[in-house]
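# Results of the structural survey
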Amino acid sequence: QVQLVESGGGLVQAGGSLRLSCAASGRIFSIYDMTWFRQAPGKEREFVAAIRWSGVRTYYADSVKGRFTISRDDAKKTLYLQMNSLKPEDTAVYYCAAGSPTSDSITRSRNGYDHWGQGTQVTVSS
């Protein structure tokens, strides 16, 4: 198994930026696809972004495209989410996850991932 720990969340004004990090334990980080999901109060957990194990291909939800950037550093066993131009609608608990989804559609689904972090709160005020 692998353990994931998110950090970097907090309170920020609309239009501001945050950088989330997800630190992984174990020695198998480099073989996993990695993702960020988020969950706002009263809503289901939704896909935000994903990156293949190779780091070459990335995926983004339409709601964050052009504002968020996902990246990974395999040497540091860390996943990142750079969040710019934040909006109040981005307020949510953000979760990182690891897995091996076998298609593009599964890449955007919670079912594609086996390991989840505990989440970090992001609050964007107007």
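These lines cover the structure that appears in this document, whether it is placed above or below. In this text, all values refer to a predicted model and were calculated from it rather than measured experimentally. (Residues numbered from 1 in each chain as written. Predicted model: local features only at pLDDT ≥ 70, side-chain atom pairs only at ≥ 80, totals over all residues. Heavy atoms only, no water.)

### Focus: the overall build of the protein
What the protein contains, in helices and strands, is one helix and eleven strands. Going from the N terminus to the C terminus, the protein shows its helices and strands as β-β-β-β-β-β-β-β-β-α-β-β. Relative to its length of 126 residues, the protein is compact, with a C-alpha radius of gyration of 13 Å against a globular reference of 14 Å. Overall size of the protein, expressed as C-alpha extent along the three principal axes, is 40 × 30 × 25 Å. With 126 residues in all, the protein has 45% of them scored as buried. Counting only carbon and sulfur atoms, one obtains 46% of the accessible surface of the protein, whose full area is about 6,600 Å². Each charge class in the protein can be summarised by its mean position, and for the 15 positive and 11 negative side chains these summaries are 3 Å apart. (Helix = DSSP H or I, 4+ residues; strand = E, 2+ residues; numbered from the N terminus. Rg over C-alpha atoms; globule rule 2.2 N^0.38 Å. Buried < 20%, exposed > 50% of the residue type's maximum accessible area, 1.4 Å probe, protein only. Areas by Shrake-Rupley, 256 points an atom, 1.4 Å probe, with all protein chains shown as cover. Lys, Arg positive; Asp, Glu negative; His and termini not counted. Charge placed at Lys NZ, Arg CZ, Asp CG, Glu CD.)

### Here's the deal with the sheet that holds strand 1 (residues 4-7)
Taken together, four strands build an open sheet; the order of strands is 1-3-8-7 and the sheet is antiparallel. Strands with a single pairing partner mark the edges of an open sheet, and in this sheet they are strand 1 and strand 7 (68-73). Averaged over neighbouring strand pairs, the angle between their axes works out to 15° when direction is ignored. Bridge count for strand 7 against strand 8 (residues 78-83) is six bridges, and the pairing is antiparallel. Bridge pairing in strand 8 places Arg-72 opposite Leu-79. (Pairing = 2+ DSSP bridges. Axes fitted to C-alpha atoms, helices over the stretch in contact; angles between N-to-C directions.)

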